[in-house]
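Reading the structure
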Amino acid sequence: MNLSMISLWSSMGGFARGIVFVMAIMSIWSLAVSFGKWWRLFRAQRETRKFAPEFSRFLQEEQMDGAIALSAKYKKSHVARVLTGALEEIKPLLTDGQITVSDINSAERAIERQMLILVAELKRGTGILATVGATAPFVGLLGTTMGIVNAFTGMAAGGGSGGLAAVSAGIAEALITTAFGLMVAIPAVWLYNYFQTKIDFLTVEMTYTGKELIDYLIKGVGHEFGRSTFTKDFQAKVTSGSGHIDK
């Protein structure tokens, strides 16, 4: 008996074909979401690699206006967007030359708010991958269950004649939907875990740079603490790869 994919598709009933069609949509949807998310993260990391050394240079030269303008320029960089919130918070105070501890607390809260927004944006779409990865095997199993029921129903209608040969095509048709379900679910789970790990690394980057900026401002207020090591430390970590993690 010929059990090629073409013959299986030809022998499939309407329900099994509908299951395969649904899983094809799920697969295309998850791949499209994955490509869009990968492209966005790639652009964010690429801009951050350009932004970090320039931002450090502005801080070294104590050109806060230039640092603010630079962070506003790199709109795709997750690090730049986080720092923009804090810098915009203290920008009106730069003309007076006085930044209090209360102002720094406001800047820190601005960083936290911006991070919450960015993390939510970065996670957008991962729920689709998780849903596809979790439900695709069950959708395929639904097709398998109904296919086996139809196969044995047909065997019973024929009086049980023919034995296994009479139902082999029906069982093969039923099992193929489970195979399709696994083919859709496995890449979706892999991609979901990949993006979750990637987002965790980006969150670490945003947290690190935000805390370092706040530390820089605190040391600027309390002169007894000396100059901040933010510029040297951040630039060294970015150029060495420990502050910016490529995956």
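These notes cover the structure that comes with them. What you are looking at is a predicted structure, and each value in this text was computed from that prediction instead of being measured.

1. Considerations on the overall build of the protein chain
Within the protein chain, the regular secondary structure consists of eight helices and zero strands. Taking all 247 residues of the protein chain together, the buried fraction comes to 39%. Across the protein chain, every contact between residues at least 6 apart in sequence was considered, and the portion connecting residues at least 24 apart equals 78%. Of the roughly 13100 Å² of accessible surface on the protein chain, 65% is carried by carbon and sulfur atoms.

2. Brief notes about the packing of aromatic side chains
Within the structure shown, the criterion is met by seven aromatic pairs. In this structure an aromatic cluster arises from ring pairing among F35, W38, W39 and F42.

3. With respect to the nonpolar core
Buried together is how nonpolar side chains tend to be arranged in soluble globular proteins. Ranked by size, the top nonpolar core spans 32 residues in total, and within it F51, F55 and M206 carry the most contacts. Of all the secondary structure elements, the ones that give two or more residues to this core are α2 (14-60), α3 (64-73), α4 (78-94), α5 (101-123) and α7 (163-221). Ranked by the residues each element gives to this core, the list is headed by α7, at eight residues. Those residues in contact with F51 that lie beyond four places of it in its chain are L70, S71, Y74, S77, V79, A80 and L83. The next biggest cluster of nonpolar side chains, apart from the first, holds nine residues, and it includes I19, V132, V139 and V184.

4. Points about the pattern of salt bridges
Any two side chains of opposite charge can pair, on the condition that their charged atoms come close. Within the structure shown, the criterion is met by three salt bridges. Between E121 and R40 there is a salt bridge, with its nearest N and O atoms 2.8 Å apart. Here the residue E121 occupies a position in helix α5, and R40 occupies one in helix α2, the gap between them amounting to 81 residues. With its nearest N and O atoms 3.1 Å apart, the salt bridge here joins R81 to E121. Taken together, the residues span a long stretch of sequence, with R81 in helix α4 and E121 in helix α5 at a distance of 40 residues. Overlapping salt bridges, with partners in common, bring together R40, R81 and E121 in one network.

5. Quick notes on the packing of α2 against α5
Angle between the axes and distance between the axes are the two parameters that describe a pair of packed helices. Interhelical geometry of α2 versus α5 gives an angle of 140 degrees and a closest axis separation of 10 Å. Considering the angle they form, α2 stands oblique to α5. In this structure, α2 contributes K37, R40 and L41 to the contact, and α5 contributes E121, L122 and K123. Of the residues that constitute the contact of α2 with α5, the class distribution is two nonpolar, no polar and four charged.

6. Let's talk about α2
Taking 1.5 Å per residue, 47 residues should reach 69 Å; α2 reaches 69 Å between its end C-alpha atoms and fits that length. The axis of α2 is deflected most strongly, by about 30 degrees, at F51, and proline P53 appears within four residues downstream.

Parameters at a glance
Residues numbered from 1 in each chain as written. Predicted model: local features only at pLDDT ≥ 70, side-chain atom pairs only at ≥ 80, totals over all residues. Heavy atoms only, no water. Helix = DSSP H or I, 4+ residues; strand = E, 2+ residues; numbered from the N terminus. Buried < 20%, exposed > 50% of the residue type's maximum accessible area, 1.4 Å probe, protein only. Contact = heavy atoms within 4.5 Å. Areas by Shrake-Rupley, 256 points an atom, 1.4 Å probe, with all protein chains shown as cover. Phe/Tyr/Trp six-rings, centres within 6.5 Å; stacked < 30°, edge-to-face > 60°. Core = buried A, V, L, I, M, F, W, Y, C linked by side-chain atoms within 4.5 Å. Salt bridge = Lys/Arg side-chain N within 4 Å of Asp/Glu carboxyl O. Axes fitted to C-alpha atoms, helices over the stretch in contact; angles between N-to-C directions. Parallel < 35°, antiparallel > 145°, perpendicular 65-115°, else oblique. Nonpolar A, V, L, I, M, F, W, Y, C, P; charged D, E, K, R; others polar. Expected span 1.5 Å × (residues − 1). Bend = angle between axes of the 7 residues up to and from the residue.

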